[in-house]
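What follows is each chain in one-letter form.
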Amino acid sequence: LSGSCIAGAIRMCDASSPTPPLLSVGQVTLQTSSPLTESGDRQHRKLCLPSESWRSLNFDSPPPVTSESSSSVCTASSAASDANGKTDRATLFSMPLTVVIFGATGDLARKKLFPALYELMLQEHIPRWTSIVGCGRSPQDPDAFLAKQCVNVRDDPAWPRGCFLRLVRYHCLEGGYADARSHARLAEEEVRRYEERHPTGPCGNRLFFLSVPPAVFGAVAEMVSAHGRAAAGGFTRLLIEKPFGRDSASFEELNSLTARHFDETQLYRIDHYLGKEILLNISSLRWANSLFEPLWSAEHIEAVQVTFKEDLGTQGRGGYFDGVGIVRDVIQNHLLQALLFLTMEPPEDMSAAAILAAKVSLLKSVRTLDLRRGDAFLAQYGPSEDGGRKGYLDDPTVDPRSRCPTFAACVLSIDSDRWRGVPFLLSAGKGLDERLCEVRVRFRPKPYNALLGVDSANELVMRVQPDEAIYVVAVAKTPGLCAGVGREERRTPVAMGLRYATQFGDGSPFVAPDAYERMLLNAARGDQALSVSAAELTEAWRIFTPLLHQIDEELPPPVVHPFGQTPRGYEAWTEAHGVDIAPPATHWSAKEAE
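Residue indices begin from 1 for each chain and proceed along its sequence in written order. Side-chain atom pairs in this predicted model are given and counted only at pLDDT of 80 or more, local residue features only at pLDDT of at least 70, and totals for whole chains, interfaces and linings cover all residues. Values reported for side chains reflect all heavy atoms of the structure, with hydrogen atoms and water molecules removed beforehand.

Once that is clear, we can look at the pattern of salt bridges. A pair can form between side chains of opposite charge whenever their charged atoms are brought close. Counted as salt bridges are all cases of a side-chain nitrogen of Lys or Arg within 4 Å of a carboxyl oxygen of Asp or Glu. A full pass over the atoms with the stated rule returns 36 salt bridges. Between Arg154 and Asp156 there is a salt bridge, with its nearest N and O atoms 3.3 Å apart. Whether a residue is buried, partly exposed or exposed follows from its accessible area with a 1.4 Å probe, protein chains only, as a fraction of its type maximum: under 20%, in between, or over 50%, in that order. The exposure class of Arg154 is partly exposed, given its relative accessible area of 39%. The partner of Arg372 in a salt bridge is Glu554, with the nearest N and O atoms 2.6 Å apart. Residue Arg372 is found in the loop between helix H14 (352-363) and strand E11 (376-382), and its partner Glu554 is found in helix H17 (residues 534-554); the two are separated by 182 residues along the sequence. Accessibility expressed as a relative area gives 39% for Glu554, which makes it partly exposed. Among the charged side chains, a salt-bridge network with shared partners connects Glu438, Arg440, Arg442, Glu459 and Asp580. Counting from the N terminus, the helices are DSSP H or I runs at least four residues long and the strands are E runs at least two residues long.

This next bit is on helix H16 (residues 515-525). Extensive coverage of H16 is indicated by the burial of 10 of its 11 residues. Here, two residues are considered to be in contact whenever any of their heavy atoms come within 4.5 Å of each other. Looking at the packing, one finds that the buried side of H16 touches helix H3 (89-92), helix H4 (107-122), strand E7 (205-210), strand E8 (236-241), strand E9 (267-270) and helix H10 (277-280). At the N-terminal boundary of H16, the capping side chain belongs to Asp514, with an oxygen 2.9 Å from the backbone nitrogen of Tyr516. Immediately downstream of H16, the backbone of Gly526 shows phi near 80°, a positive value. Any pair of N or O atoms that falls within 3.5 Å is considered a polar contact. Within protein, one atom must be able to donate a hydrogen and the other to accept it, and sequence-neighbouring residues count only if both atoms are side-chain atoms.

Moving on, we come to the packing of H4 against helix H5 (residues 142-149). Look at H4 against H5: their axes get within 9 Å of each other, and the N-to-C directions meet at 85°. Taken together, H4 and H5 sit at an angle that is classed as roughly perpendicular. The residues of H5 that touch H4, namely those facing Ala109, Arg110 and Phe114, are Phe145, Lys148 and Gln149. By the convention adopted, Pro, Cys, Tyr, Trp, Phe, Met, Ile, Leu, Val and Ala count as nonpolar, Lys, Arg, Asp and Glu as charged, and the other residues, Gly among them, as polar. Here the residues of the contact of H4 with H5 sort into 3 nonpolar, 1 polar and 2 charged. In this description, a line fitted to the C-alpha atoms serves as the axis of each element, helices being fitted only across the stretch in contact, and the angle between N-to-C directions of two axes falls anywhere from 0 to 180 degrees. Any angle that is under 35 degrees is reported as roughly parallel, and any over 145 degrees as roughly antiparallel; angles of 65 to 115 degrees are reported as roughly perpendicular and all others as oblique.

Between Lys242 and the following residue, Pro243, the backbone shows a cis peptide bond with an omega angle of 10°. Across the junction of Gln465 and Pro466, the peptide omega takes the value -10°, indicating a cis bond. Following the sequence through the fold, Pro466 ends up in the loop between strand E15 (459-465) and strand E16 (469-477). For Asp467, which is not glycine, the phi torsion reads 55° and is therefore positive. Topologically, Asp467 is positioned in the loop between E15 and E16.

Residue types Ala, Val, Leu, Ile, Met, Phe, Trp, Tyr and Cys, when buried and joined through side-chain atoms within 4.5 Å, form a set referred to as a nonpolar core. Counting 136 residues, the largest nonpolar core has Ile101, Phe102, Phe114, Phe164, Val441 and Met462 as the members making the most contacts within it. Element by element, the count of residues in this core is highest for helix H13 (residues 325-343), at 11 residues. Ranked by size, the runner-up nonpolar core spans 11 residues in total, among them Ala303, Phe377, Leu432 and Trp573.

Right, let's get into a nonpolar patch on the surface. For patch detection, residues must exceed 30% relative accessible area and be free of salt bridges, and they are connected within 9 Å for like charges or within 5 Å for nonpolar side chains (Val, Leu, Ile, Met, Phe, Trp, Tyr). Per-residue and other accessible areas follow the Shrake-Rupley method at a 1.4 Å probe size, with only the shown protein chains counted as cover for residues. On the surface, Tyr448, Leu451 and Leu452 cluster together into a nonpolar patch covering about 340 Å² of accessible area. Relative to the helices and strands, Tyr448 resides in the loop between strand E14 (436-443) and E15.

Time to look at the pairing of E7. Counting buried residues along E7, 6 of its 6 residues qualify, which places the element largely inside the surrounding structure. Burial of the side chains of E7 extends over both faces: Asn205, Leu207 and Phe209 are buried on one face and Arg206, Phe208 and Leu210 on the other. Note on pairing: two strands pair once DSSP finds at least 2 bridges between them. Summarising the sheet, strand E4 (residues 97-102) and E7 pair through 6 bridges and their orientation is parallel. Bridge pairing in E7 places Val100 opposite Phe208. One ladder, built from 5 bridges, connects E7 with E8; its direction is parallel. Opposite Phe208, over in E8, you have Leu238 as the bridge partner. By convention, a crossover is right-handed whenever its connection, traced from the first strand over the helix to the second and viewed with the strands pointing away, goes clockwise. With helix H8 (residues 217-228) bridging E7 and the parallel E8, this β-α-β connection has right-handed handedness.

The subject of this paragraph is the sheet that holds strand E12 (residues 407-412). Taken in spatial order, the 9 strands of this open sheet run E17-E16-E15-E14-E10-E13-E12-E11-E18, and their pairing is mixed. The sheet terminates laterally at strand E17 (491-499) and strand E18 (559-562), the two strands that pair on one side only. On average, adjacent strands in this sheet sit at an angle of 20° to one another, irrespective of strand direction. Where H13 meets the sheet, it contacts strand E10 (301-309), E12, strand E13 (424-429), E14 and E15, and its direction lies at approximately 145° from that of E13.

Checked against the element boundaries, Arg418 lands in the loop between E12 and E13. The class for Arg418 is buried, based on a relative accessible area of 16%. At a separation of 3.1 Å, a polar atom in the side chain of Arg418 contacts the side chain of Glu293. The residues contacting Arg418, other than those within four sequence positions of it, are Arg286, Glu293, Trp296, Ser297, Ala298, Thr343, Glu345 and Pro346.

Residues lying three or four places apart along an α-helix face the same way, a consequence of the helix completing one turn every 3.6 residues. Every buried residue of H8 is accounted for by Phe217, Gly218, Val220, Ala221, Met223, Val224, Ser225 and Gly228. Considering only its buried residues, H8 is in contact with E4, helix H7 (180-197), E7, E8 and helix H9 (248-259).

Laid out in structure tokens, this is it:
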């Protein structure tokens, strides 16, 4: 079977059985470490398959599965999803699973998708017999494809890299992404045949990842619907990578194309920043503690900053970036999604539907952005002062007359009882002084702070990267003989909080599961809590489209700043909008504790 499926038979035992299930592969019978249970991800089903066993597999002879046994599996799994659209672990592991990646020759597949799939299979979050099919429009030598596109897949002795590579196939769509014959051949040769010969087939589950330009989303969705849908009893789910259009009109057109063929519950729009560990912790901070939520309002919060900074340029992507800009690339999606979890009302429960409702409700109260009203600050990096770094316009793929902003900041206003009057500063840029992504919640100073001569505010800081951390900037008495009660006594800003590298590790750099691992796993499980819905995008584009059209049509000149420096006039602009971007420690002539 073209190297895609493990030939043999799996005898699945009941979860209550004391005897672990057996995996028979050709003449090799292997005993797993535990029966298949529904007791959580920490009890992974260990397929103790040494790398040598893979060399003896007969991929071309079908497994000894009778029609009676295969039909019983389909009957038992007649619902690959429950009433809420979720797929439990037992069901996921009782059926064939195929992951098809459109755009498999691209950077995203090489850097993120193939490594993420290996990690999920290594940790047995998805079955180790999963079939992975990479699709592209040009012919590829199979060995060369694996060598190039799986170069970032690591090798763990618990499940050697070679085991994973034997499950990866490349399929050329000779006629292109919209060619029916190519998709029919893909479904028949790579997917259906694998399911039919799989020990638990013939009905299986199918994930399709669209790592392709938005212009072909509709065509791929149509072809998958026509030729790639799973048989009754299995699920079909599409993962769609941003961008989701350029403005309201283009999103509506794109959404109509995908919605024509698939229900919203089958579409998983990926914003990988929602898989970042720190952002995932916002819900726990707010609702698993009694400390923060009572302070979570305009009464106590002065301003909120969501910041994304890179100390790199466009890195050869200038041609692409010039047609997108930093607002579409980062602010309208990544930073806005972080803001939603920070500001939405507590949902009725933590189901995907309730979270979606809370996010959409919040978005509806956000005022539309307007460049003429001064809601945005635009800049573009030039050469560094020492001449060591080139400017944006020095990129040969960029129009030398381009006014595309490489830095932008927007101040959002939320018209709700909780947030009315609080400025929310979303800023992102390339060619700046550091690599940093963080959320800063600045609390309002209180009259009694003056008793001790304090003139700065407390902050809650959530640092997404680098060196993940959550800490509160507070004020403490400087050690010494003084009583600590007078205005003239010295006090010091200190950081009290959580550094992931020390709290959850040995102090070495903290390594979290990659965001794409979470996104792929959520799709396999049918959990849309971290997906972006059509209703959210409709409101998000409503907020940003007028501003984006003004930038595209009026071409306002951006402030040109030296590479590695903050744009001139930016701090004054933020102050005019009620946001003090200086860390609290600068008010004390002391360095903020880290």
